[in-house]
Each structure stands twice: as C-alpha cells, then as structure tokens.
Amino acid sequence: MIAKETFGAGDAPPVVLIGGAASSMDWWHPDFCTRLAGAAGRPVIRYDHRDTGRSPASKPGEPDYTAADLADDVLTLDGGPLHLAGVSMGGAIAQRIAIEHPDRVLSLALIATTFAAGAPFGLPGPLPRIRDAFGLPAPDWYDRDAAAARIAEDAARFAGTVPADPETVRDLARHIFDRTTDMAAAQTNHWILADGRPLDGTSAYIRCPTVVLHGSHDPLFPPEHGRALAAAIPGARYAELPGMGHEVPPPPLWDQVIGEISGIAAAGSAPRTTRP
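Residues numbered from 1 in each chain as written. Predicted model: local features only at pLDDT ≥ 70, side-chain atom pairs only at ≥ 80, totals over all residues. Heavy atoms only, no water.

(A) Focus on the packing of helix α2 (residues 67–75) against helix α3 (residues 89–100). The interhelical angle for the contact between α2 and α3, taken along N-to-C directions, is 70°, at an axis separation of 9 Å. It follows from the interaxial angle that α2 and α3 lie roughly perpendicular. For the pair formed by α2 and α3, the contact residues are A68, L70, A71, V74 and L75 on the first element and M89, I93, R96 and I97 on the second. Grouping the amino acids of the contact of α2 with α3 by side-chain chemistry returns eight nonpolar, no polar and one charged. (Axes fitted to C-alpha atoms, helices over the stretch in contact; angles between N-to-C directions. Helix = DSSP H or I, 4+ residues; strand = E, 2+ residues; numbered from the N terminus. Parallel < 35°, antiparallel > 145°, perpendicular 65-115°, else oblique. Contact = heavy atoms within 4.5 Å. Nonpolar A, V, L, I, M, F, W, Y, C, P; charged D, E, K, R; others polar.)

(B) How the structure looks around the environment of L123. The topology assignment puts L123 in the loop between β5 (105–111) and α4 (128–133). For L123, a relative accessible area of 23% puts it in the partly exposed group. Between the C-alpha atoms of L123 and E100, which are 23 residues apart in sequence, the distance is 25 Å. Beyond its immediate stretch of four places on either side in the chain, L123 contacts T114, F115, E224, H225 and A228. (Buried < 20%, exposed > 50% of the residue type's maximum accessible area, 1.4 Å probe, protein only.)

(C) Up close: the pattern of salt bridges. Applying the stated criterion across every chain yields a total of 16 salt bridges. Between R179 and D48 there is a salt bridge; the shortest N-O distance is 2.7 Å. Taken together, the positions of R179 in helix α6 (residues 166–179) and D48 in the loop between β3 (44–47) and α2 put the pair 131 residues apart, joining distant regions of the chain. Taken as a pair, R179 and D48 share a single burial class, namely buried. (Salt bridge = Lys/Arg side-chain N within 4 Å of Asp/Glu carboxyl O.)

(D) The pairing of strand β6 (residues 210–215), seen in detail. Burial of β6 is extensive: six of the six residues sit out of reach of the surface. Alternating residues of β6 divide into T210, V212 and H214 and V211, L213 and G215, and every residue in both groups is buried. Where β5 lies against β6, four bridges are found, and the strand directions are parallel. In the strand pairing of β6, L110 is matched with V212. Pairing geometry for β6 and strand β7 (residues 237–241), over five bridges, is parallel. Note on β7: the bridge partner recorded for G215 is L241. In this region the chain leaves β6, passes through helix α8 (residues 223–232) and returns to the parallel neighbour β7; the handedness of that crossover is right-handed. (Pairing = 2+ DSSP bridges. Right-handed = clockwise from strand over helix to strand, strands pointing away.)

(E) The arrangement of α3 in detail. Between its first and last C-alpha atoms α3 spans 17 Å; for twelve residues at 1.5 Å apiece the expected length is 16 Å, and the two agree. The element α3 is largely enclosed, with a buried count of ten among its twelve residues. Where α3 is concerned, the buried positions are M89, G90, G91, I93, A94, Q95, R96, I97, A98 and I99. Considering only its buried residues, α3 is in contact with β2 (15–18), α2, β4 (82–87), β5 and α8. (Expected span 1.5 Å × (residues − 1).)

(F) Up close: the environment of P222. Turning to its location among the elements, P222 is positioned in the loop between β6 and α8. Spatially, the C-alpha atoms of P222 and K4 are 31 Å apart, while their sequence positions differ by 218 residues. When sequence neighbours within four positions are dropped, the list of residues in contact with P222 reads P124, G125 and H214.

Take a look at the structure:
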C-alpha cells in the first residue's frame, strides 16, 4: 500500500503533491502542506513513491514496477477527481495522468519539469555541474551519515540562488534515511525504470487549467523547458520562480507557489473527456 499523509479536511477534491525521482513525501514540508490546505480550502495529500519512505520497496536494481505504475499509484490515493501538483518527475507523472485520465484531473501545477512526451527539438540540456554529477560513484546507501551527506550534496548541486541552511538539509536527509525501508532501492530504482505502456498522447492533449512553475536558475531543465511546456498546453500559464533551481520550492518562495497552486485549483473544473 502506498504510504500517504493528508493535511486539512473537507469534501473538496484534494491537491495531490507528487515528488520527483527518488523522493519521498518528506521533501514536501508539513508547514507548506498545511498552509496550502488552508489557502486552497481543500485537503492536501503528500505520499511516498514506491521504493521511497514507507511505501513498498523492490530489490535495489530490480524494480518490480514501471513508470506507468507510478502514475497509476496516484489514482489510488483518492477515488474522486484530483488537483495535481508535481515537481520534476512528478510533473511528468501529472501530465501522464491528465492525458490518460482526463476525467480524474481538475487542474495541474507543473513545477521544475519538462515534457512527458513530445518535447520539441532545441531545448537546452543540463549545466555541466549536473552532467558531471551523473557519473559520480554511489555512496554506501546503508550508511546513515554517508547517505545523508550525499543527499545534501545533491540538493545543493541542483539548487538555485535562494539561500538554504545546509544543516537543515542534512537534518532532512537523516530523517529521510530513518523513514526509508531500503535506501539503496530508493536511490537507484527510479533511474532505471521501464516506461511501461506507451503514452498515447502529448502535452497538447491536456485540457484542464494548468500553470507551469519554473525556477529561473534550474540547472537540469533550464527555464526554456518550462516556457515551451506552457506554450504546448492549451491555455496554460507560465510563472517563473526567481532564484529557484531544480528543487521542491524552498520556503522563501512558498507564498508565490501556494498562491499559484491554490489559484489554479480554484479555476479547476472537470476536463473534457474527448480529444481533438
């Protein structure tokens, strides 16, 4: 069973926060979730992807699920229509759900992400510091201090110019280690997933109210990705987050992000179930 936590109450369709690759729910700070629930006037759900936190874990290097299964997991969190807010891989998951299940998605907030399918040619690639990081040897993921140090180092590498307290990030990394069933699986399996079933459609098929939120200093997907994505989704709006890198929005940007997510949720209505 997928581990989840709900903030706020009421019968309104919830906002589901979808994390990035190898990310547990812990990256969505409880204070952010509480404030978002209050501003949006609806419950907010955060959850652990498979292989992260308290959700089921596969053997490291042998995931027993696909990328499509990660999208299907979201639909099990609540039986009704949903507002989706996804960061990085979570943004791709949100797009897939909106394309495959338009009747279940009321609105989208796509954060620090790029196209789930059908990306145009010519978008810039990662900065050199990010390309170089992909070749770094893995630490001993079962060593608490080594794992926490690497998670904190990666967070700093992907961050923008918004100030962050390094010790706060290390504390979060240690908390993540303590909550995670198998740290090696959590940090390995999402990167080697098969796609699963083909995605029958592109971002142009999305018909629900959508806002694309992108950091001005994203080193993995430079802002051109966010602008192009917003242009490809009918009626979508682009909002740049000053100083943010490739990360879950940090506290100095919470007011802006909470306003954007709650605003698009308010605009949300049942999307069309037919395609052009």
